Each structure stands twice: as structure tokens, then as C-alpha cells.
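Architecture and fold: a report
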Amino acid sequence: MSAARAKKTALVAGRTVVALVAVTTLAFAGYFWTALRLVKQNTNTTQILEVLEDIPNSPPVQDGAIDVLLVGSDSRTDAQGRPLPADVLRKLRTEGTDTVNTDTIIVMRIPRNGGKASAISIPRDTYVPIPGYREDKINSAYGAVKFLTAERLQAEGVSDQQERERKSDEAGRKALVQVVQDLTGMRVDHYAEINLYGFYLLTEVIGGVKVCLKAGTSDPNSGANFRAGEQVISGGDALSFVRQRNMPGGDLGRIARQQVFMSQAMKQLLSAGTFTDTGKMKGLLDAVSKSVVVDEKLDLATLAAQAQGIASGNVEFATIPVTSIDARNDRGQSIVTVDREAVKAWVAQLIGETPKPTPSSSVTPSTPARFGPEKLLSLDGFPAVAAARQDVPCID
């Protein structure tokens, strides 16, 4: 892989792991009803639920839980479709392009009977069929369909850029929801999205996130440069921390780091005085208005409860099983492959619908990070996941 290509790949990887961190961070204001009202007033909404009814072969609506698709996008526009200025892009350590990737894709499942919630991660490079496009990485579903839709709208004479942005965003979101439903067999009930800029602003508002590394690490492509031990990171450093590429396990290792980061961010939120500090609350509302989009019927108080659950360790993190983390497609791109039927069976077992089939093999911490297509791999074998259950865990 060329240095330029490696740099571009690293820049887009893991940038917006914040879907779960940031959206639930904002929603935690639900414990302070005045704050919740202000957050709701400043949150942008999407009519995605209206188009979800048209998605072919959708699972049943009543499946015993509320399933929220949490998305982190690397959009170079704010939540109103306005392009981010060059100085902001520099702070985000990103380049200005027209592409949009959803580098964080998590389904938060909240049982209606009050049971323990699950946060199911889908690796960004998972190779899947994308309706109306082609087979490609799942993180390109939103951006590819958005781009094609924007081109069509322009050809149809829609001259207003912000209108094209809004309508093409809706099409991209719908495509992503359909891909997630087809892959997991889960019905998406609600949608929440935060962009790259929001992650930057939110980590600044809460005073950074405490992390701990077993050893010093650096990655010039993502800008990561961290010493060993405990440290507090925010802004551009936080983005670099969660998008670093050169780490064990590739896409899965990065998810493990992201999940640890999420838990620590929730703990930091609880001790940050965000909702009683006028300045922090103002910063929070500013971040919401610039970066967060939710569907019109999403109950922020529901997400608020899950924020507390994450901080207390009462949310189960999981990642779909994959068959390879270092495969290549016919265009030479590095991809994560999956057995789609095995993924559906695994999800069904996780949510208590059917027994999980026994894989032909499993991954242990000593297993090399290369896997044949006949093997199923789950995140549970990686040491960082066990570390995620500890207080201020030191990770790779």
C-alpha cells in the first residue's frame, strides 16, 4: 500500500467512534429536565422513520426491544448541511473531501422488559451488498448513496446546496439502515447520528477523557502519538486515539479501544459537572446544534438511561463475528468479511431468540491476527475487551 493511500485510509478510520459516546453524552441531560428540554430544542431531527416503512424485507416492528442505530460520520458539513471552514478541518486533523463515511456503526438494543442493554458494533470495513450501489464496505453505504442522490438532485434542477445535502443525507441514512437490518436481522426503531466536529467539541466540553495505554504508541497517518500510562485526551488527540490504524487485530482491535473509550467518556461525564456549569452547558448545546441528528420520535431520556448504564458497566458490548480481518476485494481494498447467515444467528442468540450455532473455532488472546475464511472470529478473544470491564483499563 502506498504511503498516500495508507495516510488516507488512516485518516478516515475510526474518526467518529463517537456515535455512542456523544449521542448518549448529550442525552444524559435527561436527568436534569431543564437541560433535557434545552438539548431537545437544539437537536436537529431527521424524517428517516417515514422512509423506513418503505425498506423491503424489514424485520417485525414488535420484537421486544427498542433498537437504536448509533452512527458516527466523518461529514465535512455541520448538521444543517453547511460546509465546515478550513480552520475547523485543520483542528479535526482531516482533509476536505466530498466523501462521507460512517466509521462508527452501533446498534443499541434496549429490552422493553427492563433487561440489560446491548451495544452491538459492526466493523467499518465489513463487506456487504449495498442496495442501489454495489457490494462494498458498510461504512461507504451512507456516503455512496448520498453522492449518487446528490448528483441526481442536481441534474433534476435542485440548485440549493443545503437542500441537496438534506435530501441526499436522508437517502444515505435509509441505505445504511437497510444494510444494517439485512446484516443483523434486527429492526431499526430509531436513528441517532453525530458528526466529526461534534466529537471534537464534546470531548472539549467534558474536559477530556482519561485513558491508559500499556505502552507508548504512535501513528503518523492518524496523528496518534501517546505515551504509556494514564493520560487525559480531548479534541484532535481524542480523534487520533480512536482512529489509530497500526494496532493488533486491525478493525477489531480498534473497536476494542473504542469501546473502552466510550465507557471512560461516560464516567468522565458523570464527574464533569456538565449540566450544572453554565459554560459547559452552553458548549454542550452548541455542540448539539452543530453536530447531532436524531429521528423525530427518539426519546432522549431513553438514551440518557443508557448513558448511565455504560458508565456503570451495565451495558453489554459485543461485536458481530467475522470470517477474516485481512481479506481483499476485487479492487484490492482491505476488507472484513462475514458469513451473513452466521451473523444473523449470532445476533438472534445474543438477543435471546434462538440458540447460537457453535463456531468451528474460536479466537484466544494468543491467536495470531490472521484468520482463514472458514473460521469465525469474535471480539471476545481480544485482551482489550476484558480490560474494558476494569476501572481506567490499560489497553494496547
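Our subject is the structure listed above.
In this report, the structure presented in the accompanying data block is examined. Per chain, the residues get numbers from 1 upward, laid out in the order the sequence is written. Where totals are concerned, whole chains, interfaces and linings use all residues; where local detail is concerned, this predicted model gives features only for residues with pLDDT of at least 70, and gives and counts side-chain atom pairs only at 80 or more. Calculation of side-chain values draws on the structure's entire complement of heavy atoms; hydrogens and water are dropped beforehand.

A few points about the nonpolar core
- Formed by 48 residues in total, the largest nonpolar core has its most connected members in Leu 92, Met 108, Ile 233, Phe 241 and Phe 261.
- No other element matches the seven residues that helix 8 (residues 196-205) contributes to this core. The term nonpolar core refers to a set of buried residues drawn from Ala, Val, Leu, Ile, Met, Phe, Trp, Tyr and Cys, joined through side-chain atoms within 4.5 Å. Type-normalised accessible area, obtained with a 1.4 Å probe on protein chains alone, sets the label of each residue: buried when under 20%, exposed when over 50%, and partly exposed for intermediate values. Going along the chain from the N terminus, every DSSP run of H or I of four or more residues is numbered as a helix, and every run of E of two or more is numbered as a strand.

Quick look at the state of the cysteines
- Note on terminology: pairs of cysteine sulfur atoms within 2.5 Å are recorded as disulfides. Applying the stated rule across the entire model yields one disulfide.
- Each sulfur in the disulfide pair Cys 212 and Cys 394 lies 1.8 Å from the other. Residue Cys 212 is located in strand 8 (residues 209-213), and its partner Cys 394 is located in strand 16 (residues 394-395); the two are separated by 182 residues in the primary sequence.
- In this structure Cys 212 comes out as buried when scored by relative accessible area, which is 3%.

Topic: the pattern of salt bridges
- Here, a salt bridge means any side-chain nitrogen of Lys or Arg that lies within 4 Å of a carboxyl oxygen of Asp or Glu. Following the criterion strictly, the structure yields twelve salt bridges and no others.
- Taking the shortest distance from any N to any O, the salt bridge between Glu 156 and Arg 152 comes out at 3.1 Å.
- Using a relative accessible area of 52% as the deciding quantity, one classes Glu 156 as exposed.
- For Arg 152, a relative accessible area of 43% corresponds to the partly exposed category.
- Of the charged contacts in the structure, one is a salt bridge between Asp 330 and Arg 331, with a shortest N-O distance of 3.6 Å.
- One salt-bridge network, held together by shared partners, links Arg 134, Asp 136, Asp 330 and Arg 331.

Details of the sheet that holds strand 12 (residues 292-295)
- If you trace the seven strands from one edge of the open sheet to the other, you get 1-12-7-2-3-4-13, paired in mixed fashion. Unpaired on one side and paired on the other, strand 1 (44-46) and strand 13 (315-319) mark the two borders of the sheet. Neighbouring strand axes in the sheet, compared pairwise and without regard to direction, differ in orientation by 20° on average.
- When DSSP finds at least two bridges between two strands, those strands are taken to pair. Bridge count between strand 3 (residues 102-111) and strand 4 (residues 117-121): four bridges; the pairing is antiparallel. Bridged to Val 107 within strand 4 is Ile 120.
- Residue contacts follow a heavy-atom distance rule, with two residues in contact if any of their heavy atoms lie within 4.5 Å. Angular values range over 0 to 180 degrees, each being the angle between N-to-C directions of two axes fitted as lines to C-alpha atoms, with helices fitted over their stretch in contact. Against the sheet, helix 13 (residues 340-350) touches strand 4 and strand 13, its axis set at about 170° to strand 13.

What about helix 6 (residues 141-155)?
- The span expected for a helix works out to 1.5 Å for each residue beyond the first. The end-to-end C-alpha distance of helix 6, which contains 15 residues, comes to 21 Å, matching closely the 21 Å that a straight helix rising 1.5 Å per residue would cover.
- Looking at helix 6, one finds that the buried residues are Ala 141, Tyr 142, Gly 143, Ala 144, Val 145, Lys 146, Thr 149 and Leu 153.
- Along its buried surface, helix 6 packs onto strand 3, strand 6 (135-137), helix 7 (161-184) and strand 7 (190-195).
- Gly 157 sits one or two residues past helix 6 and shows a positive phi near 100°.

Description of the pairing of strand 7
- Among the six residues of strand 7, six are classified as buried, and the element is accordingly described as predominantly covered.
- Neither face of strand 7 is open: one carries His 190, Ala 192 and Ile 194, the other Tyr 191, Glu 193 and Asn 195, and all of them are buried.
- Note: strand 2 (residues 65-73) against strand 7, six bridges, orientation parallel. Looking at the pairing, Val 71 lines up with Glu 193 of strand 7.
- Alignment of strand 7 against strand 12, held across three bridges, turns out to be antiparallel. In the sheet register, Glu 193 faces strand 12, and the bridge partner there is Val 293.

Some details on the packing of helix 6 against helix 7
- One way to put it is that helix 6 packs onto helix 7 with a least axis distance of 7 Å and a crossing angle of 140°. Along this stretch, helix 6 crosses helix 7, giving a crossing that reads as right-handed. Counted together, Ala 141, Tyr 142, Val 145, Lys 146, Thr 149, Ala 150, Leu 153 and Gln 154 of helix 6 and Arg 164, Glu 165, Lys 167, Ser 168, Asp 169, Ala 171, Gly 172, Arg 173, Ala 175, Leu 176 and Val 179 of helix 7 form the full contact between these two elements. Crossings are assigned a handedness: left-handed for a near helix turned anticlockwise from the far helix by less than a right angle, right-handed for a clockwise turn.

Describing helix 13
- For helix 13, the complete set of buried residues consists of Ala 342, Val 343, Trp 346, Val 347 and Ala 348.
- Elements in contact with the buried residues of helix 13: strand 4, helix 7 and strand 13.
- Think of a polar contact as two N or O atoms within 3.5 Å of one another; within protein, one of them needs to be a possible hydrogen donor and the other a possible acceptor, and neighboring residues in sequence only count if both atoms come from side chains. Here helix 13 starts with a cap whose side-chain oxygen sits 3.1 Å from the backbone nitrogen of Glu 341, and that cap is Asp 339.
- In the segment just after helix 13, Gly 352 is the residue with positive phi, at about 85°.

Everything listed here is a matter of geometry and, on its own, says nothing about what the molecule does.
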